[in-house]
Amino acid sequence: MSTPLDPEDPRPAETKTAVPPTRPGTVDPRLLEVLVCPVTKGSLDYDAEAGELISRAARLVYPIREGIPIMLPEEARPLED
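A brief report on the enclosed structure follows. (Residues numbered from 1 in each chain as written. Predicted model: local features only at pLDDT ≥ 70, side-chain atom pairs only at ≥ 80, totals over all residues. Heavy atoms only, no water.)

Counting its regular elements, the protein chain contains one helix and five strands. Each helix and strand of the protein chain, placed in order from N terminus to C terminus, yields the pattern α-β-β-β-β-β. By residue count, 28% of the 81 residues in the protein chain fall in the buried class. Restricting to contacts in the protein chain with at least 6 residues of sequence separation, those with at least 24 account for 17%. Counting every atom, the protein chain has about 6000 Å² of accessible surface; 56% of that belongs to carbon and sulfur. (Helix = DSSP H or I, 4+ residues; strand = E, 2+ residues; numbered from the N terminus. Buried < 20%, exposed > 50% of the residue type's maximum accessible area, 1.4 Å probe, protein only. Contact = heavy atoms within 4.5 Å. Areas by Shrake-Rupley, 256 points an atom, 1.4 Å probe, with all protein chains shown as cover.)

Laid out in structure tokens, this is it:
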């Protein structure tokens, strides 16, 4: 399945992709829709202010570094109450 390129995208045609650019430090919302906790396979809550993904079922918090979710349990920290 392909997504049409945005005709209003001001970038030169050779640099355009079907995935719109995101601001540095943010995560593409479409990615957040498909990500799940690697431990429980359950849903995640996105904390944009802290730059983290929270798995309440696993009680783990996954970091987001440079806009990339780090979905490794050994990189996660325990969820604090």
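Where side chains of opposite charge bring their charged atoms close, a pairing between them can arise. Applying the stated criterion across every chain yields a total of four salt bridges. Among the ionic pairs, Arg56 bridges to Asp45, the shortest N-O distance being 2.8 Å. Here Asp45 lies in strand β1 (residues 45-47) and Arg56 lies in the loop between β2 (52-55) and β3 (60-65), a separation of 11 residues in the sequence. The partly exposed category is assigned to Asp45, whose relative accessible area is 33%. One salt bridge in this structure joins Arg77 and Glu52, with 3.1 Å as the shortest N-O distance. Placement of the pair is Arg77 in strand β5 (residues 77-78) and Glu52 in strand β2, with a sequence separation of 25 residues. Under the relative-accessibility criterion, Arg77 is labelled partly exposed at 34%. (Salt bridge = Lys/Arg side-chain N within 4 Å of Asp/Glu carboxyl O.)

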